[in-house]
Amino acid sequence: MNKTNIDIIILDEIDSTNNEAQRVLDYKSNFPLWIIANEQTSGRGRKNRYWVSQKGNFMGTFVLEHKIEKQYIPHLSFVTSLALRETIESFNKDDKEIFLKWPNDIIIKDSKCAGILIESLKSNSDKEYLAIGIGVNLIKHPSKSSFKATSLKKEFNTNICRDEFLNKLNNNLLAKINIWKMGENFSQILDDWKRFAYKINENISMLLPTGEKIDGKFYDLNDQGGLILSYNGENSVFYAAEIIEELKLV
Ligand code: BTN
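Residues numbered from 1 in each chain as written. Predicted model: local features only at pLDDT ≥ 70, side-chain atom pairs only at ≥ 80, totals over all residues.

## Some thoughts on the domain arrangement of the protein
Going by this rule: Domain start and stop positions are those given by an automatic or database domain assignment. Working definition of a contact: two residues with C-beta atoms, positioned from the backbone, lying within 7 Å. Put simply, DSSP H or I for four residues or longer makes a helix, DSSP E for two residues or longer makes a strand, and each gets a number counted from the N terminus. Any residue outside Ala, Val, Leu, Ile, Met, Phe, Trp, Tyr, Cys, Pro, Asp, Glu, Lys and Arg is labelled polar, Gly included; the first ten of those are nonpolar and the last four are charged.
Looking at the assigned domains, one finds that the protein contains domain 1 (7-194) and domain 2 (203-244). One C-alpha centre belongs to domain 1, the other to domain 2, and the line joining them spans 24 Å. With nine residues of domain 1 at the contact, the number on the domain 2 side is five residues. It is helix α5 (residues 186-194) that contributes the most residues to the side of domain 1 that touches domain 2, three residues altogether. Tallied by class, residues from the side of domain 1 that touches domain 2 come to five nonpolar, two polar and two charged.

Below is the structure:
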C-alpha cells in the first residue's frame with residue numbers, strides 16, 4: 001500500500017468511527033481512508049465493551065478494501081499494534097517501556113493506553129472491506145476499566161497533538177502493511193511483536209470466551225499468532241482469549 005493521498009474524514013461527534021466505517025461504504029469509493037472523531041458517543045471496545053471516548057484523545061478508523069485470505073485477517077492485529085506502538089514510541093521522551101499485550105493492546109507501566117478493534121464490514125458488492133478502529137488515550141483515561149488504564153500525557157508528561165499522531169500512525173501503518181505483504185512476511189511481524197510482548201515467559205491469567213479463567217505461563221506465540229500457554233503440565237494454544245489482571249501465582 002503506497003498511497004500518499006489518503007482521505008481523512010474528520011467528524012466532530014459520531015456514535016463510533018467503526019460504525020461510520022460501515023456507512024462510509026455508501027458514499028465513498030476511494031480506499032483506504034481514515035475516519036477521525038473528536039468525540040464518540042458509543043465508542044466500542046473488544047468483547048462489546050464500552051470505549052470511553054473523551055475529547056482530546058485519538059479515535060480513528062482506517063477503512064480498507066482488501067483481498068486478504070480469511071485466515072490471515074487476524075494478522076492485522078499484530079501488524080496494527082506494532083505500528084501503533086512505534087507511533088507511541090516516537091513521543092516517548094522518558095524511555096518508558098512500551099509493551100504489546102496479546103493480541104493488540106498497548107501497555108505502559110502495567111496500564112493500557114491504547115486499544116484496537118478490527119471488524120469486517122458488510123458489503124453489497126463482491127468487494128471486501130475492513131475497519132481497523134484505534135483508540136489512544138492521549139490526554140485522558142478512564143478511572144474505572146476492565147484493565148487498569150493510563151494516558152500518554154500522564155506517562156510522557158506531554159500534550160500530543162491528535163493530527164500529528166494521526167500523520168505518524170498513518171505512515172507507520174502503511175509501512176507495516178507493506179512489510180507484512182498479505183501474510184507472506186508474517187513471521188517477521190511476529191518476531192518483531194514478540195520483542196515487546198507483555199509478560200512473555202511470565203505467569204499470566206487468561207479469560208476464555210467461555211468465561212473460564214485459567215492461570216499459566218505465557219510460553220510463546222505459534223506461527224499464526226495464537227498464544228501458547230503452559231498449564232496443567234501441557235501447552236495449549238489460544239486464539240480468542242485475553243490476558244487479565246488478576247493473577248497471583250506462587
Ligand atoms: C479495545 O481495546 O477494546 C479496543 C478499543 C477500540 C476503540 C476504538 S476508538 C475508534 C474506534 N471506534 C470505536 O467505537 N472503537 C474503536
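Anyway, onward from the coordinates.
## Section: the site of the ligand
Applied cut-off: The criterion for a residue being near a molecule or strand is simple: its C-beta atom, placed using the backbone, must lie within 6 Å of it.
Around the ligand, a shell composed of 20 residues is seen, among which Ser-16, Gly-45, Gly-115, Gly-133 and Gly-135 lie nearest. At the level of elements, α1 (17-24), β3 (58-66), β6 (111-120) and β7 (128-136) are the ones that each hand at least two residues to the shell around the ligand. In terms of residue class, the shell around the ligand is built from five nonpolar, eleven polar and four charged.

## Considerations on the sheet that holds strand β8 (residues 203-207)
Sheet strands associate in pairs through backbone hydrogen bonding, adopting either a parallel or an antiparallel arrangement. Quick note on the threshold: Here, strands pair whenever DSSP counts at least two bridges between them. For helices, the fitted axis covers only the stretch in contact; all axes are lines through C-alpha atoms, and the angles between them, taken along N-to-C directions, range from 0 to 180 degrees.
Taking strand neighbours across the sheet as the criterion, the five strands line up as β11-β10-β9-β8-β12 in an open arrangement whose pairing is antiparallel. Looking at which strands have only one partner, the edges of the open sheet turn out to be β11 (234-238) and β12 (242-244). Looking at each pair of strands side by side, their axes are set apart by 55° on average, direction ignored. Relative to strand β9 (residues 213-221), β8 is paired through five bridges, and the arrangement is antiparallel. Note on β9: the bridge partner recorded for Ser-205 is Asp-215.

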